[in-house]
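Letter by letter, the chains look like this.
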Amino acid sequence: MTEKKAMRDAYGEALIALGNSDADVVVLDADLSGSTRTAMFAKVFPNRFFNMGIAEQDMAGTAAGFSCVGKKPFMSSFAMFATGRAWEPIRNSICLPNLNVKVVCTHAGITVGEDGACHQALEDISIMRVIPHMSVYVPADYYEARALIIALNDKPGPVYVRLARAGSPVVFDENYQFNFAEYPVLQSGSDVSLFACGQMVPIAQKAAQTLQAAGISVDLININTIKPLHGDQILKSVIKTGAVVTAEEHSILGGMGSAVSELLAKNAPTPIEFVGTQDVFGESGDGDLLMVKYGLSEARIVEAAQKAIARKANRPS
Amino acid sequence: MSAGHSLQDVKEIGKRIRKKIIQQVTWAGCGHPGGSLSGTDILSTLYFRKMRFNAQDPQWADRDRFVLSKGHCTPLLYATLSEAGYFSDDLLTSFRKIDSKLQGHPEKDYLPGIEMSTGALGQGLAIGHGMALGLKLNNSPGRVFVMMGDGEIQEGMIWEAAMSAGHYKTDNLVGIIDANGQQIDGNVKDIMDVAPLADKWAAFGWHTQVIDGHDYEAIDAALDTAINVTGKPAIIICKTVKGKGVSFMEGVVKFHGTAPSVEQSEIALQEIEEKY
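About the cut-offs
Residues numbered from 1 in each chain as written. Chains lettered and ligands numbered in written order. Predicted model: local features only at pLDDT ≥ 70, side-chain atom pairs only at ≥ 80, totals over all residues. Heavy atoms only, no water. Axes fitted to C-alpha atoms, helices over the stretch in contact; angles between N-to-C directions. Helix = DSSP H or I, 4+ residues; strand = E, 2+ residues; numbered from the N terminus. Parallel < 35°, antiparallel > 145°, perpendicular 65-115°, else oblique. Contact = heavy atoms within 4.5 Å. Nonpolar A, V, L, I, M, F, W, Y, C, P; charged D, E, K, R; others polar. Buried area = accessible area lost by both parts, 1.4 Å probe. Salt bridge = Lys/Arg side-chain N within 4 Å of Asp/Glu carboxyl O. Polar contact = N/O pair within 3.5 Å; in protein donor to acceptor, adjacent residues only side chain to side chain. Domains from an automatic or database assignment. Pairing = 2+ DSSP bridges.

1. Topic: the packing of helix α5 (residues 124–137) of chain B against helix α6 (residues 156–167) of chain B
Residues and elements named next belong to chain B.
And step 1. For the pair α5 and α6, the least separation of the axes is 8 Å and the interaxial angle reads 25°. The angle between the axes of α5 and α6 places the two elements in the roughly parallel class. Of the residues in α6, those in contact with Leu125, Ala126 and His129 of α5 are Met157, Ile158, Ala161, Ala162, Ser164 and Ala165.
And step 2. The residue inventory of the contact of α5 with α6, partitioned by class, reads 7 nonpolar, 2 polar and no charged.

If you want it as structure tokens, here you go:
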């Protein structure tokens, strides 16, 4: 069985590394530091950690202020609360003045599980990516999350990073380096482009194997950067395959799939199937079971790929 | 640098700022004169008696910061920054016009001296608090001043920041409330009463003063006291009159966000000339 590791642990470890290498790094949390793992930083660097209490808007505004005087703030909470409650301060006080604030959230998606719908952010990619100046990253595993956080510290400007709560199968290894110019191609193929992000990446890997066994050749790309989208690389894959599936642990409205379809509609209209939640709220339950119930599964990706390929065949010439 | 201005000088500067406020909103045909005029005496005293800055070196790391949380009062901010030497008076004619550096609400770094983008009400205190905490980490002597409106503090985010600055005992942070008692829809006490102001801020752990926000001597003394408070943040609640200095604007809610006509503007400028 593949090793499982949690992205949020990678975040805590990366923060400590940054704390050691860069005296300007400060970390803010909103009473979830144990869960987001910012408590790991707080333990080593208590003077540079600021618990703002259960007040995400204040956390966002305070982070903006830190940035104004040259500090490098990372602010964290659950994806639901930091991007939702604090959306307007993030827009107006961080993104509008283009400040160097990293919004790093854990507990994104339906795998939050038992806490239920009010804690399951399925809209965060959408509401973050529509803000000018904001970049949006969704790492696929522990190693990518760690490499990303460390690399982001040298990249000024507002950023949203989406991390999961639960341990998930590792995709990369400890030598992984985050590449801001290009997506990792996990498998080359010619029949269908499979674009996955976050925890859907290891699931997409399994789906690709299943499809391969059925004689379908999959071009599998890890869309770790949703904004700015690496359009040329996506188009290159799509022009090669002529059919697309996107897979994300997020609503199909406004997320990674939407970003890809915006690109394709303009540059290379192509049959596309969206794997994600279908404009619904989640519910309580075991995370793995919820993934299957809400269509975030290997089976659903396989079906979607077959459907996209069939649509390619039926395309009017 | 701000030091060295006498109170008499500051009154003269305040007079010029009032005129520039009227001129900007008249040229633009829109904007917010009421709350700009109510905060004029406070900001004149702050910039030209107390704040440490250098208009020739706007990024000087140890400067004091000013955040206009009531961001709609750009006519006041731009007039003050022009008086402080950050930019030429000529720019004031472009206020609110297309391609202008003088946006309707302030945009950080569009011009030197604009420390932060504000305008979505309620956010400035948290921003100022972050600046103040950061300056402490930087071992900088810089202080942060945040001007809020009394309508603005209906925003919940203000009270989150009030709580956190009290919690962190951030004593290089000074809040100033331009309490003119009016907001767009009417009187603050009728729309959503924020009283008792002093008790609320004190309860959040702030050193609290209540003064007449048009009395230069009182403003000067209160700022000295607030700056010297240790172990807690300080707030000065300034009782003011919306539209102060122009008879037909004083206490008139309409002039929160309406420009005077050209004829009214001439009368206003004449009144300011005679009164100050």
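2. Side note on the interface of chain B and chain A
And step 1. Counting residues at the interface gives 23 residues for chain B and 27 residues for chain A.
And step 2. Both sides of the chain B and chain A interface together cover about 1900 Å² of buried area, and 62% of this is carbon and sulfur.
And step 3. Among the residues of chain B in contact with chain A, Leu137, Glu160 and Tyr168 of chain B are the three that bury the most area, contributing 26% of the side total.
And step 4. Applying the counting criterion to the chain B and chain A interface returns 0 salt bridges.
And step 5. The interface formed by chain B and chain A includes 7 residue pairs in polar contact (both at pLDDT 80 or more).
And step 6. Looking at the side of chain B that touches chain A, the elements with two or more residues in it are α5 and α6 of chain B.

3. What about the domain arrangement of chain A?
Residues and elements named next belong to chain A.
And step 1. The domain boundaries assigned to chain A delineate domain 1 (4–169) and domain 2 (185–313).
And step 2. Averaged C-alpha coordinates put domain 1 and domain 2 at centres separated by 26 Å.
And step 3. Opposite the 35 residues of domain 1 that make contact, domain 2 presents 37 residues.
And step 4. Overall, the association of domain 1 and domain 2 removes approximately 2400 Å² of surface from exposure, summing both partners, and the carbon and sulfur fraction of that is 54%.
And step 5. Seen at the junction of domain 1 and domain 2, the total is 1 salt bridge.
And step 6. In this structure, Arg129 and Glu262 form a salt bridge, with 2.7 Å as the shortest nitrogen-oxygen distance.
And step 7. Here domain 1 and domain 2 share 23 residue pairs in polar contact (both at pLDDT 80 or more) between them.
And step 8. Among the secondary structure elements, those contributing two or more residues to the side of domain 1 that touches domain 2 are α7 (124–129), β6 (135–137) and β8 (167–169).
And step 9. A per-element tally of the side of domain 1 that touches domain 2 places α7 first, with 4 residues.

4. Side note on the sheet that holds β6 of chain A
All names here are of chain A.
And step 1. Read across the open sheet, the 7 strands follow the order β3-β2-β4-β5-β7-β6-β12; overall the sheet is mixed. Of all the strands in the sheet, just β3 (49–51) and β12 (225–227) have a single pairing partner and so form its edges. Between one strand axis and the next, the sheet turns through 20° on average, direction left out of account.
And step 2. Strand direction decides the pairing type here: strand β4 (residues 72–78) and strand β5 (residues 102–106), joined by 5 bridges, are parallel. Its bridge partner lying in β5, Met75 is registered against Val103.
And step 3. Those strands touched by helix α1 (residues 7–21) are β2 (25–29), β4 and β5, and its axis lies near 160° from that of β4.

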